[in-house]
Amino acid sequence: MSEAIKPIDGDLKDINIFDPELMKCPHALYKKLRDESPVYQDPTTGIFQVSNLELICEAARNAKVFSNDFGALQKDGGSDDYPKEAADIMMKEGYPSVNTMLTADPPRHTRYRSLVNKAFSPKLVQGMVPAIQRKTNDIIDKFIHTGKCDVAVDIAQQLPIKVIAEALGVSSDYYEDFKVWSKAFTDQLSGTSTPEEHIEIAKKLVKFQQFFANQLDEKGKNPADDIISDLATIDFEDEHGVTRKLETAEQLSIIQQLLVAGNATTAHSITEAIKLLIEHPEQMELVVNDHSLIPNMIEESLRLLTPTNNMWRIVTEDTELGGVSIPKGSSLLLRYGSGNRDEEVFENPDTFDVTRKNSKRHVAFGQGIHVCVGMNLSRKEMYTAFPIIIDRLKNMRFAEGNDFNYSPNVLLRGLDSLHIEFDKA
């Protein structure tokens with residue numbers, strides 16, 4: 001049940017870094033990288049990989065040299081076979097892709113980010129606690145009488161989508177659509193999609209754009225107290241000093257990032273935390289008996305999973321990192337998941353320890369100016385939901401039918417299914 005971390009024999013140069021099986025469980029590769037070459041250029045792809053925590057943070061904090069302007073890579077997950085038909089669907093039926101927060105650098109990034117920061121301020125997020133509690137209980141009410149559930153599907157995927165839907169200002173009646181669209185975005189980044197799958201992804205993304213373009217139009221005419229209304233009506237000063245309304249493509253880019261950030265990563269984190277607790281009954285007992293350990297347990301789960309396992313950077317000038325020369329124009333992967341298991345920072349890094357004193361040193365939410373904009377909300381959702389989950393789902397244990405299969409994805413990592421049983425209420 002626990003991920004077996006067996007050393008990789010042989011040379012780094014012989015490893016296919018985009019091997020789907022390796023992406024499912026990358027920890028052995030990460031250790032080999034940290035031990036042998038913390039800044040390593042893959043000879044096949046030319047991609048540089050940064051694997052220890054100190055160097056990851058150094059690069060992530062230097063947005064001038066290690067740029068987030070990787071829009072082309074984000075579009076196709078780094079794939080060389082992105083089909084023209086998929087691009088045509090997006091161009092003819094949807095809206096163009098624009099760089100706003102994730103794939104933009106200052107000052108452009110700063111301007112866009114300032115538009116949404118206030119929606120996730122600690123004060124506003126704290127005000128969401130009663131709604132998060134109510135949603136968590138409502139979700140559990142639907143299955144608690146059965147004594148079983150799929151944690152990923154029945155809890156983890158539902159809660160963050162319903163919370164972000166309310167913040168955006170759209171009805172959670174569209175939950176199934178949000179789920180489909182969010183998965184399409186993550187599939188787009190997987191780096192493993194076939195040309196045929198890319199075409200289906202493009203069709204789903206166009207439906208997302210059309211739905212939210214309509215929402216933006218309606219909110220522009222009848223604004224309310226929500227994020228979509230703000231995006232529809234706010235005055236925005238662009239990089240040319242011109243004050244204007246956001247274009248639809250810009251608005252959609254921001255909503256897309258909020259929808260995915262508010263769903264996939266938090267959902268994977270909730271699922272992983274329950275998996276780790278069940279795998280480690282002595283840790284489960286500590287948390288059950290002392291709820292004050294829940295925040296640290298969640299940070300430890302985030303560290304071990306690292307739902308955003310890697311992130312791209314583009315090098316803007318000839319530079320050096322960790323004594324390794326990196327030429328301008330190089331692609332670079334910050335391997336956050338590796339940094340979070342760095343032996344120089346975390347003692348016994350592969351061990352799940354809910355009392356770990358430095359668990360919050362992880363970089364699961366990123367680092368530098370591109371730290372996750374929804375970090376406060378994600379933490380609050382989990383800090384709020386887990387006392388309820390632990391109190392109501394007593395004696396959680398694995399049910400039959402689990403394969404513990406992590407879908408291969410260049411950037412994201414997590415389980416999409418986790419069957420458990422618990423004592424009936």
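Above this text sits the structure in question.
Cut-offs and rules
- Residues numbered from 1 in each chain as written.
- Predicted model: local features only at pLDDT ≥ 70, side-chain atom pairs only at ≥ 80, totals over all residues.
- Heavy atoms only, no water.
- Phe/Tyr/Trp six-rings, centres within 6.5 Å; stacked < 30°, edge-to-face > 60°.
- Helix = DSSP H or I, 4+ residues; strand = E, 2+ residues; numbered from the N terminus.
- Buried < 20%, exposed > 50% of the residue type's maximum accessible area, 1.4 Å probe, protein only.
- Lys NZ or Arg CZ within 6 Å of the ring centre and 35° of its normal.
- Axes fitted to C-alpha atoms, helices over the stretch in contact; angles between N-to-C directions.
- Parallel < 35°, antiparallel > 145°, perpendicular 65-115°, else oblique.
- Left-handed = near helix turned anticlockwise from the far one by under 90°.
- Contact = heavy atoms within 4.5 Å.
- Nonpolar A, V, L, I, M, F, W, Y, C, P; charged D, E, K, R; others polar.
- Pairing = 2+ DSSP bridges.
- Salt bridge = Lys/Arg side-chain N within 4 Å of Asp/Glu carboxyl O.

Chemist: I tried to follow the packing of aromatic side chains on my own but got confused; where do I start?
Modeler: By convention here, two paired aromatic rings are described through the distance between centres and the angle between planes. Summed over the entire model, instances satisfying the criterion amount to 14 aromatic pairs. Centre to centre, the rings of Phe-178 and Trp-181 are 6.1 Å apart; their planes meet at 55°, and the pair counts as tilted. Note that Phe-178 and Trp-181 are positioned in helix α11 (residues 175-188) at a spacing of 3 residues, about one turn of the helix. Across this residue pair, the class does not change: Phe-178 and Trp-181 are buried. Among the aromatic side chains, those forming a connected cluster through ring pairs are Tyr-174, Phe-178, Trp-181, Phe-185, Phe-208, Phe-211 and Phe-212. When the ring centre of Tyr-175 is taken as reference, the NZ or CZ atom of Lys-162 above it lies at 5.7 Å. Lying over the aromatic face of Tyr-406, Arg-413 brings its terminal NZ or CZ to 4.0 Å of the ring centre.

Chemist: Explain the packing of helix α5 (residues 84-93) against helix α12 (residues 195-221) to me, please; I cannot follow it from the model alone.
Modeler: When two helices pack together, you describe them by how their axes are tilted relative to each other and by the distance separating the axes. α12 packs onto α5 with a crossing angle of 15° between their chain directions and a minimal axis gap of 8 Å. The angle between α5 and α12 places the two elements in the roughly parallel class. Between α5 and α12 lies a crossing of right-handed hand. Together, Glu-85, Ala-86, Ile-89, Met-90 and Glu-93 of α5 and His-198, Ile-199, Ala-202, Lys-203, Leu-205, Val-206, Gln-209 and Gln-210 of α12 make up the contact between the two elements. A class-by-class count of the residues in the contact of α5 with α12 yields 7 nonpolar, 3 polar and 3 charged.

Chemist: Could you clarify how one ought to interpret the environment of Gly-322 in this entry?
Modeler: The topology assignment puts Gly-322 in the loop between β8 (319-321) and β9 (324-326). Overall, Gly-322 belongs to the exposed group, its relative accessible area being 51%. Sequence-wise, Gly-322 and Lys-118 are 204 residues apart; in three dimensions their C-alpha atoms are separated by 36 Å. If near-sequence neighbours (up to four positions away) are discounted, Gly-322 is found in contact with Val-39 and Leu-55.

Chemist: What exactly am I supposed to notice about the sheet that holds strand β1 (residues 39-41) here?
Modeler: Strand pairing in a sheet is mediated by backbone hydrogen bonds. Such pairs are either parallel or antiparallel. The 5 strands lie next to each other as β1-β2-β10-β7-β3, forming an open sheet whose pairing is mixed. Since the sheet does not close on itself, it has two edges, and those belong to β1 and β3 (66-67), each with one partner. With 3 bridges connecting them, strand β2 (residues 48-50) and strand β10 (residues 331-334) associate as parallel partners. What sits directly across from Phe-48, in β10, is Leu-332. Here helix α3 (residues 53-60) sits on the sheet and contacts β1, β2, β3, β7 (311-315) and β10; the angle it forms with β10, its principal contact strand, is near 125°.

Chemist: What should I look at first to understand unusual backbone geometry in this one?
Modeler: A negative phi angle is the norm for most residues apart from glycine, just as the trans form is the norm for most peptide bonds. Omega for the bond connecting Pro-106 with Pro-107 falls within 30 degrees of zero, at 0°, which places this linkage in the cis form. Mapped onto the elements of the fold, Pro-107 is located in the loop between α5 and α6 (108-117). Phi at Asn-348 is positive, roughly 45°, even though this residue is not glycine. Checked against the element boundaries, Asn-348 lands in the loop between α18 (336-339) and α19 (375-392). According to the relative accessible area criterion, Asn-348 is exposed, its value standing at 51%. Even without glycine at this site, Phe-404 takes up a positive phi of about 50°. Tracing the backbone shows Phe-404 in the loop between β11 (397-398) and β12 (419-421).

Chemist: Would you mind going over the pattern of salt bridges with me for this structure?
Modeler: A pair can form between side chains of opposite charge whenever their charged atoms are brought close. For the structure shown, the criterion picks out 26 salt bridges. Between Glu-166 and Lys-135 there is a salt bridge, with the nearest N and O atoms lying 2.5 Å from each other. Taken together, the positions of Glu-166 in helix α10 (residues 158-168) and Lys-135 in helix α8 (residues 129-141) put the pair 31 residues apart, joining distant regions of the chain. Residue classification places Lys-135 among the buried residues on the basis of a relative accessible area of 12%. A salt bridge links Asp-141 to Arg-392, with the shortest nitrogen-to-oxygen separation between them at 2.7 Å. Here Arg-392 lies in helix α19 and Asp-141 lies in helix α8, a separation of 251 residues in the sequence. A relative accessible area of 42% places Asp-141 in the partly exposed class. In the salt-bridge network here, residues are joined through shared partners; they are Lys-31, Arg-34, Asp-35 and Glu-343.

Limitation: the analysis is restricted to geometry and does not speak to function.
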